[in-house]
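Below are the chains, spelled out letter by letter.
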Amino acid sequence: MRSAYPDGMSRRLATPVAILLATMIATGSPTPAGAGTTTPDHTGTPTAGTTVDATDMLTALRRDLGLTPDQADARLATATAAARAERDLRATLGAEFAGSWLDGRGDRVVAVTTPAALDTARQSGTRVRLVPYAEATLVAAAARLDRAAGHAPGAVSGWYVDVVGNAVVVQTAPGGVAAATAFAGTAGVSPGIVRVVESAERPRTLADVRGGDPFLTAQSMRCSVGFTVRGGFLTAGHCGQAGDPAYAPNGQVMGVFASSSFPGNDYAWVRLNPGWTPRGEIRTGGSTAAPIRGSVEAPIGASVCRYGSTTGWRCGIVQARNQTLNFASGQVVSGLTRTTVCAEPGDSAGPFVSGDQAQGLLVAGTGNCTAGGSTFFQPVNEPLAALGLTLLTSP
């Protein structure tokens, strides 16, 4: 039986290495009703903190994308407007919609598959591109690869829908193009849709041994709260299985894993016990918190930021959705979003946000915050919908 950890490690292996792999970043915490963000104290009684504006996040956005304060504000506003416009155009254009994104200048671009749809899309005041494949066609092609994931060559590190390039990109190690192409063909994906890219990237999970508001698993491993939901919180799926307890640092039982999905996905939710009340905000260190006011999905090309205990606030760009990762251990996780945000061990499971909109939980990455790299997050709306949960938001 395969391990629930991406590197094939047994859940029961209570070594320092296992603890390191299992640790998540605490980014939200159980709180009493009506209080600010809190941290459990040694008596199990939550201690109130202070809610402030997420100025550190804005500073990181300006630093990592080279923006002035006005440019950062404008980019956030543009991303918000683009997310709403994408939702409306997808409904209006239906099968002719081929995706939308923000280009390098921050301008909105919409791709369509027919000349008639060009005229409709132009009425929204955006640039329009005519392409051969609809978004639904690309997503269906990626789904074929997902179903054939068990037959993926070891050189293939993943695949994703690239709406900007109007293709499904299959990433493979140098020298693996032929094998990757054959894999796509065996999966029944049209050669015209697939673009094989050689890459030295080999995503790995990012883990830590400490966090702002950690909890402990039944195996004495540290994990972290992600986004809070009504009655509990979301975290990574490889932190625990359904029925496992979640402990406060003092050993008191905080709650129980009500559901867990890994591999395939990487999410879980913990139902909190009485006395622990989740709040719709993110811990950002000390006694500060960043508000969450929804979960509108940011468009491709939009800026996105994440918080992690190792590297704090880090920002970048959304590159693609529907990324599948094929870990070296043979475990596959699909439906992820790819970004240029850097991360390092210890940042794992940290929340991604676009402005005050929840985006997802960090599950894997490449590189580091010195040389740069890619990160991949589990979109938050998937577990919310699949598990029937309600994201908690700030006033």
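### Details of the overall build of the chain
Now for step 1: Across its full length, the chain holds seven helices and 25 strands.
Now for step 2: Here the chain holds 395 residues, and the buried ones make up 55% of them.
Now for step 3: Counting only contacts in the chain whose residues sit at least 6 apart along the sequence, the fraction spanning at least 24 positions is 63%.

### Considering the sheet that holds strand 4 (residues 97-102)
Now for step 1: Taken in spatial order, the three strands line up as 4-5-6 in an open sheet, and their pairing is mixed. Edge positions in the open sheet fall to strand 4 and strand 6 (127-130), since each of these has one partner strand only. Along the sheet, successive strands turn relative to each other by an average axial angle of 20 degrees, direction set aside.
Now for step 2: Where strand 5 (residues 108-112) meets strand 6, four bridges bridge the pair, whose relative direction is parallel. Pairing of V110 across the sheet is with V128, part of strand 6.

### Looking at the state of the cysteines
Now for step 1: Going through the model one piece at a time under the given rule, you end up with two disulfides.
Now for step 2: At a sulfur-sulfur separation of 2.1 Å, the disulfide partner of C305 is C315. Between C305 and C315, the S-S dihedral sits near 105 degrees, and the bridge is therefore right-handed. Taken together, the residues C305 in strand 20 (residues 303-308) and C315 in strand 21 (residues 312-326) connect sequence positions 10 residues apart.
Now for step 3: Overall, the relative accessible area of 5% leaves C315 in the buried class.
Now for step 4: Bridging C342 to C369, the disulfide has an S-S length of 2.0 Å. Disulfide C342-C369: the torsion about the S-S bond is 95 degrees, which places it as right-handed. One end of the pair, C342, is in the loop between strand 22 (332-339) and strand 23 (351-354); the other, C369, is in the loop between strand 24 (357-365) and strand 25 (375-379), with 27 residues separating them in the sequence.
Now for step 5: The exposure class assigned to C342 is buried, which follows from its relative accessible area of 11%.

### Section: the pattern of salt bridges
Now for step 1: Inspection of the entire model under this criterion finds 14 salt bridges.
Now for step 2: With its nearest N and O atoms 3.0 Å apart, the salt bridge here joins E86 to R321. Highlighted residues: E86 in helix 3 (residues 69-93) and R321 in strand 21, separated in sequence by 235 residues. Accessibility classification places E86 together with R321 in one group, the buried group.
Now for step 3: Linking D162 and R195 is a salt bridge whose minimum nitrogen-to-oxygen distance equals 2.8 Å. Placement of the pair is D162 in strand 7 (residues 156-162) and R195 in strand 9 (residues 194-198), with a sequence separation of 33 residues.
Now for step 4: The exposure class of D162 is buried, given its relative accessible area of 9%.
Now for step 5: Each of E86, R90, E135, E297 and R321 takes part in salt bridges that share partners, so that together they form one network.

### Brief notes about helix 5 (residues 135-147)
Now for step 1: Here helix 5 spans 18 Å end to end across 13 residues, near enough to the 18 Å set by a 1.5 Å rise per residue.
Now for step 2: For helix 5, every residue scored as buried is listed here: E135, L138, A141, A142 and L145. All buried residues of helix 5 project into a common sector of 130 degrees when viewed along the axis, lining one side. Among the exposed residues of helix 5, those pointing more than 90 degrees away from its buried face are A136 and R147.
Now for step 3: Where helix 5 is buried, its residues meet helix 3, strand 4, strand 7, strand 8 (167-172) and helix 6 (177-186).

Conventions we followed
- Residues numbered from 1 in each chain as written.
- Predicted model: local features only at pLDDT ≥ 70, side-chain atom pairs only at ≥ 80, totals over all residues.
- Heavy atoms only, no water.
- Helix = DSSP H or I, 4+ residues; strand = E, 2+ residues; numbered from the N terminus.
- Buried < 20%, exposed > 50% of the residue type's maximum accessible area, 1.4 Å probe, protein only.
- Contact = heavy atoms within 4.5 Å.
- Pairing = 2+ DSSP bridges.
- Axes fitted to C-alpha atoms, helices over the stretch in contact; angles between N-to-C directions.
- Disulfide = S-S within 2.5 Å.
- Salt bridge = Lys/Arg side-chain N within 4 Å of Asp/Glu carboxyl O.
- Expected span 1.5 Å × (residues − 1).
- Arc of directions from axis to C-beta.

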